[in-house]
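An overview of the molecular structure
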Amino acid sequence: AFSVLEALTKARRPLRLGEIAEGTGIGRSAAQRFTFTLRSLGYLTQDPETKAYSLTARALELSVAYLDSKPVRRLAAPL
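So, here's what we can say about the structure. Numbering of residues starts from 1 in each chain and follows the order in which that chain's sequence is written. Since the coordinates come from a predicted model, pLDDT governs what is reported: local features require at least 70, and pairs of side-chain atoms require 80 or more to be given and counted, while whole-chain, interface and lining totals use all residues. By convention in this description, side-chain values take in all heavy atoms of the structure and omit both hydrogens and water.

1. Some points on the overall build of the protein
Operational definition: Secondary structure elements follow DSSP: runs of H or I of four or more residues count as helices, runs of E of two or more count as strands, with numbering from the N terminus. Residue contacts follow a heavy-atom distance rule, with two residues in contact if any of their heavy atoms lie within 4.5 Å. Charge assignment: positive for Lys and Arg, negative for Asp and Glu; neither His nor the chain ends contribute. By convention, the point assigned to a charge is CZ for Arg, NZ for Lys, CD for Glu and CG for Asp.
Regarding its fold elements, the protein presents five helices and two strands. Reading the protein from its N terminus to its C terminus gives the helix and strand order α-α-α-β-β-α-α. C-alpha atoms of the protein, sized along the principal axes, occupy 45 × 25 × 20 Å. Counting contacts in the protein only where the partners sit at least 6 residues apart, residues at least 24 apart contribute 36% of the total. Across the protein, the mean location of the 12 positive side-chain charges is 4 Å away from that of the 7 negative side-chain charges.

2. Digging into a positive patch on the surface
Basically, it comes down to this: Only residues above 30% relative accessible area that lack a salt bridge enter a patch, with like-charged residues linked at up to 9 Å and the nonpolar side chains Val, Leu, Ile, Met, Phe, Trp and Tyr linked at up to 5 Å. Throughout, the Shrake-Rupley method with a 1.4 Å probe supplies accessible areas, and for residues the shown protein chains are the sole cover considered. Salt bridges are defined by distance alone: a side-chain nitrogen of Lys or Arg within 4 Å of a carboxyl oxygen of Asp or Glu. When a residue's accessible area, from a 1.4 Å probe over protein chains only, is under 20% of the maximum for its type it is buried; when over 50% it is exposed; and in between it is partly exposed.
A surface patch of positive charge is lined by Arg16, Arg28, Arg39 and Lys51. With respect to the helices, strands and loops of the structure, lysine 51 is situated in the loop between β1 (44–46) and β2 (53–55). Its relative accessible area of 44% is what places lysine 51 among the partly exposed residues.

This is the structure:
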């Protein structure tokens, strides 16, 4: 699942299922299962016309959680 997220991050554009499979080195079936799960969890969206997947704003929550866990951010926040 993280390979799918990384592929979309590196591509900086929506990717179709075949492009995700190729970019991650996993089979189309596995790519389909991962994209289905990530879409169900709100991390991906799929364009109904092109069928391409892209990241949603929810993916940013992972970055925010990382930043919030660092003491420097907590110390700098009041400033």
